[in-house]
Amino acid sequence: MANMVGNAIGGGMDRLVRWVVLPVTGVIPVLSRTGILFVAFAVLWLAFLAALVAGPAALDAAWGTVGSLPMIVQAVAWVLFLPLMGAGWAWATDWPVVVRLVIVVAIAGWNLLVFLPARTPTTQHAAS
């Protein structure tokens, strides 16, 4: 009986990896190389900044909304939007505002730096 349960779980994990994880991980390098991830996260950081300027209560409400979601949805949000979730967590703490701002700016800067598309070197032909 335990062997059947183990096989069912293993088969489910195999299907999950084969049909979800592998296709997604194949797309990420393309999105990164073309700059799409950089632009997407830049827009999300601008929205974060706009919410911060409009009223920090908006960020608190967004953090509360994420916290009220089912655990699996929260896990997916954390995986897909880790830098923003980390910044949201830092902002939701009761630390001094200056400390929270430094943390948020550091996370945003790191995130955008990581997704900055790399310049491809061009080959220069020597004049003959």
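By convention here, each chain's residues receive numbers from 1 onward along its written sequence. For a predicted model such as this one, the threshold for reporting local features is a pLDDT of at least 70, and the threshold for listing and counting side-chain atom pairs is 80 or more; totals across whole chains, interfaces and linings nevertheless cover every residue. Side-chain figures throughout are based on the complete set of non-hydrogen atoms in the structure, without hydrogens or water.

Points about the nonpolar core
Inclusion rule: In plain words, nonpolar cores are sets of buried Ala, Val, Leu, Ile, Met, Phe, Trp, Tyr and Cys residues tied together by side-chain atoms within 4.5 Å. Burial here depends on accessible area, computed with a 1.4 Å probe over protein chains only, as a share of the maximum for the residue type. Under 20% is buried, over 50% is exposed, and the range in between is partly exposed. A run of H or I in DSSP counts as a helix once it spans at least four residues, and a run of E counts as a strand once it spans at least two, with each numbered from the N terminus. Residue contacts follow a heavy-atom distance rule, with two residues in contact if any of their heavy atoms lie within 4.5 Å.
Among the nonpolar cores identified, the biggest contains 13 residues, and Phe41, Trp45, Phe48, Leu59 and Val104 are the most heavily contacted of them. Residue contributions to this core peak at six residues, all from helix H2 (residues 36-54). Setting aside residues no more than four positions away along its own chain, Trp45 makes contact with Pro83, Leu84, Ala87, Val104, Ile107, Ala108, Asn111 and Leu112.

Examining the packing of helix H4 (residues 71-80) against helix H5 (residues 82-92)
Keep this limit in mind: Note on method: axes are straight lines fitted to C-alpha atoms, helices fitted across the in-contact stretch only, with angles between N-to-C directions ranging 0 to 180 degrees. Note on angle classes: values under 35 degrees are labelled roughly parallel, values over 145 roughly antiparallel, values of 65 to 115 roughly perpendicular, and the remainder oblique. Under the scheme applied here, ten amino acids are nonpolar (Ala, Val, Leu, Ile, Met, Phe, Trp, Tyr, Cys and Pro), four are charged (Asp, Glu, Lys and Arg), and all others, including Gly, are polar.
Taken N-terminus to C-terminus, the directions of H4 and H5 make an angle of 110°; their axes are 5 Å apart at the nearest point. Taken together, the axes of H4 and H5 lie roughly perpendicular to each other. Contacts from Ala77, Trp78, Val79 and Leu80 of H4 reach H5 at Leu82, Met85, Gly86 and Trp89. Of the residues assigned to the contact of H4 with H5, the class counts are seven nonpolar, one polar and no charged.

Considering helix H6 (residues 97-115)
An α-helical segment advances 3.6 residues per turn. Residues three or four places apart therefore align on the same side. This is how it is decided: Under the convention used throughout, the expected extent of a helix is 1.5 Å for every residue step, that is, one less than its residue count. Regarding the arc, it is the one traced by the directions from the helix axis to the C-beta atoms.
Taking 1.5 Å per residue, 19 residues should reach 27 Å; H6 reaches 27 Å between its end C-alpha atoms and fits that length. Along H6, the positions that sit buried rather than exposed are Arg100, Val104, Ala108, Asn111 and Phe115. Looking straight down H6, one finds its buried side chains confined to an arc of 65°; they lie on one side. Turned more than 90 degrees from where H6 packs its buried face, Val98, Val102, Val105 and Leu113 sit exposed.

Concerning a nonpolar patch on the surface
Convention followed: Patches here are clusters of residues that have more than 30% relative accessible area and form no salt bridge, with a 9 Å joining cutoff for like charges and a 5 Å cutoff for nonpolar side chains (Val, Leu, Ile, Met, Phe, Trp, Tyr). Accessible surface area values rest on a Shrake-Rupley calculation with a 1.4 Å probe, where residue burial reflects the displayed protein chains alone. What makes a salt bridge here is a side-chain nitrogen of Lys or Arg within 4 Å of a carboxyl oxygen of Asp or Glu, nothing more.
Judged by side-chain polarity, Met13, Leu16, Val17, Trp19, Val20, Val21, Leu22, Val24 and Ile28 come together as a nonpolar surface patch covering roughly 830 Å² of accessible area. Tracing the sequence through the fold places Trp19 in helix H1 (residues 2-34). Of the residues examined, Trp19 reaches a relative accessible area of 66% and is grouped as exposed.

Quick notes on the side chain of Gln74
Positionally, Gln74 belongs in helix H4. Classification of Gln74 as buried rests on a relative accessible area of 16%. Sequence-distant contacts of Gln74, defined by excluding residues within four places in its chain, comprise Val66, Gly67, Ser68 and Leu69.

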